[in-house]
Amino acid sequence: MSDIKAAMVGTPCQILAATKINKYEKQTGGSPIDVKIGLFCMENFSYSYLERYLKQQGIELYEVKEFRIEKGKFIANLIDGNVFKIPIAETEPFTRKNCHICTDYTSDTSDISVGSVGSPKGYSTVIVRSKKGRQIIEDAIEKGYITVDEISTQGLNLLEKIANQKITRNTKRYKKREAVARPVLSKRKVTEEEFIQECSLCKFENLQNDVISVGSCVLCGACEYVCPIDSIQINHRKPVSKKECEDDCHACYFSCPRTFVSEEIYPSDIDEKPLGNYLDIYSVKADSIIGQDGGVVSAILVYLLENNIVDQVSVVGEDKDAPWRPQSKLTSSVQDVITAAGTKYSTTPIGFKALDN
């Protein structure tokens, strides 16, 4: 790998994939992702089902400037200035069913997790999980990039309640899948030794059978990124392979967040901890950046660049030909981060597509 260090912002499945890619660098080739910023995520959405749903509401995708999720609402800002919004509870018609086996709401394998739930308007809830994450947050506070308050007991209880709701609901869903013989490998409890042993027997054909064909693929892009012969492709649809796998290559199976996950990454009792393992939790604000939920993610990315902690960060901007479809990229420009401030809904495999560019 090159000496370039990058910060990735992603959903729980993307962050888990990044964790696996670097932990099993010998098998996957590793990545330059050095800082992982995870987002709170209940579920993601399918563009094809979303397109069908919006047509029923008299809206075409080309009329949409951007999608947002804010304060319990799914929002479509239209090019003509109109706004379409519905409660998150009504998004079931276009929810990606592949998300229904995930029980991670707060990106448990990140260095820093960020989301709006649990904090007052204009603030983000920040969960610090690693020593690296703690050092970043403490230094960002000291240098004035962000300000912090204690999270209220009420806010913490709300966050735990919502995280528990995801765990309870999706545990029932994946157990129902298991009951009809559709294995959910990521929920099997395996030791590190068992993980390496199982994955070392598998190639893309096994990934196709065990994850993609049974509706567990989350389009994170990890398999496409780690493939050493550029055989795997994802173009807003399920991964496909164009060539025969190389002998003794198991990179895609090791990196996928929906194959086995060892107890070294997800402890066996992880679902008994709604917020996962963490060191600190705060309500955080960034007054210098205008963005959703206080602009905290953007402020952290600016801090990382300006203090040479990383060389590049992942941001999501607009596809010039389809503004409603977010496009990811890596950038070393602080101005790019500021321009992209504010959450955009995306099914884009954010970090990995950007790494390939």
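Reference entry: report on the structure contained in this document. (Residues numbered from 1 in each chain as written. Predicted model: local features only at pLDDT ≥ 70, side-chain atom pairs only at ≥ 80, totals over all residues. Heavy atoms only, no water.)

**Looking at the side chain of threonine 106**
1) Next: With respect to the element layout, threonine 106 can be found in the loop between β5 (83–87) and β6 (112–115).
2) Next: Side chain to side chain, threonine 106 and aspartate 108 meet in a polar contact 3.2 Å long.
3) Next: At a separation of 2.8 Å, a polar atom in the side chain of threonine 106 contacts the side chain of arginine 129.
4) Next: Every residue in contact with threonine 106, bar those within four places of it in the chain, is listed here: Phe40, Ser113, Ile127, Arg129, Leu159, Pro274 and Leu275. (Helix = DSSP H or I, 4+ residues; strand = E, 2+ residues; numbered from the N terminus. Polar contact = N/O pair within 3.5 Å; in protein donor to acceptor, adjacent residues only side chain to side chain. Contact = heavy atoms within 4.5 Å.)

**A word on the pattern of salt bridges**
Where charged atoms from two side chains of opposite charge approach closely, those side chains can pair.
1) Next: Across all of its chains, the model carries 11 salt bridges by this definition.
2) Next: Close ionic contact of lysine 132 with aspartate 34 constitutes a salt bridge, the shortest N to O distance being 3.2 Å. With a gap of 98 residues between them, lysine 132 in helix α4 (residues 131–142) and aspartate 34 in strand β2 (residues 33–39) connect regions that are remote in the sequence.
3) Next: For aspartate 34, a relative accessible area of 24% gives the class partly exposed.
4) Next: Among the salt bridges present, the one from aspartate 280 reaches arginine 134, with a minimum N-O distance of 2.8 Å. With aspartate 280 in strand β11 (residues 280–285) and arginine 134 in helix α4, this residue pair connects regions lying 146 residues apart in the sequence.
5) Next: Overlapping salt bridges bring together Lys23, Glu192 and Glu264 as one network. (Salt bridge = Lys/Arg side-chain N within 4 Å of Asp/Glu carboxyl O. Buried < 20%, exposed > 50% of the residue type's maximum accessible area, 1.4 Å probe, protein only.)

**Comments concerning the packing of aromatic side chains**
1) Next: Scanning the entire structure with this criterion turns up nine aromatic pairs.
2) Next: Taking the centre distance of 5.1 Å and the plane angle of 55° together, the rings of phenylalanine 74 and phenylalanine 94 count as tilted. With a gap of 20 residues between them, phenylalanine 74 in strand β4 (residues 73–78) and phenylalanine 94 in the loop between β5 and β6 connect regions that are remote in the sequence.
3) Next: Since its relative accessible area comes to 0%, phenylalanine 74 is described here as buried.
4) Next: Residue classification places phenylalanine 94 among the buried residues on the basis of a relative accessible area of 0%.
5) Next: An angle of 75° between the planes, with centres 5.3 Å apart, marks the rings of tyrosine 145 and tyrosine 303 as edge-to-face. (Phe/Tyr/Trp six-rings, centres within 6.5 Å; stacked < 30°, edge-to-face > 60°.)

**Structural notes on empty space enclosed by the protein**
1) Next: Tallied over the entire structure, the rule returns five cavities of 30 Å³ or more.
2) Next: Approximately 140 Å³ is the volume attributed to the largest cavity.
3) Next: For the largest cavity, the lining is made up of 17 residues, of which Thr11, Cys13, Asn44, Cys99 and Val218 are closest to its centre.
4) Next: Ranked by residues supplied to the lining of the largest cavity, first place goes to helix α1 (residues 12–23) with three residues.
5) Next: Of the residues assigned to the lining of the largest cavity, the class counts are nine nonpolar, four polar and four charged. (1 Å grid on protein atoms, 1.4 Å probe; cavity = no way out; pocket = protein on both sides within 12 Å on 5 of 7 lines; lining within 4 Å. Points joined across faces, edges and corners; volume = space filled by probe spheres on them. Nonpolar A, V, L, I, M, F, W, Y, C, P; charged D, E, K, R; others polar.)

**Overview of the sheet that holds β5**
1) Next: With respect to topology, three strands assemble into an open sheet ordered β3-β4-β5, the strand pairing being antiparallel. Each edge of the open sheet is held by one strand with a lone partner, namely β3 (64–70) and β5. On average, each strand axis in the sheet is tilted by 15° relative to the strand beside it, whichever way the strands run.
2) Next: The pairing of β3 with β4 spans six bridges and is classified as antiparallel. (Pairing = 2+ DSSP bridges. Axes fitted to C-alpha atoms, helices over the stretch in contact; angles between N-to-C directions.)

**Observations concerning helix α10 (residues 296–306)**
1) Next: For α10, the buried fraction is high: 10 of the 11 residues fall into the buried class.
2) Next: Along α10, the positions that sit buried rather than exposed are Val296, Val297, Ser298, Ala299, Ile300, Leu301, Val302, Tyr303, Leu304 and Leu305.
3) Next: At the exit of α10 stands asparagine 308, carrying a positive phi of roughly 55°.

**With respect to the environment of isoleucine 229**
1) Next: Relative to the helices and strands, isoleucine 229 resides in the loop between α8 (222–226) and β9 (232–233).
2) Next: Look at isoleucine 229 and you get buried, because its relative accessible area is 18%.
3) Next: Sequence-wise, isoleucine 229 and cysteine 245 are 16 residues apart; in three dimensions their C-alpha atoms are separated by 8.1 Å.
4) Next: Beyond its immediate chain neighbours, meaning those up to four positions away, isoleucine 229 contacts Lys243, Glu244 and Glu246.

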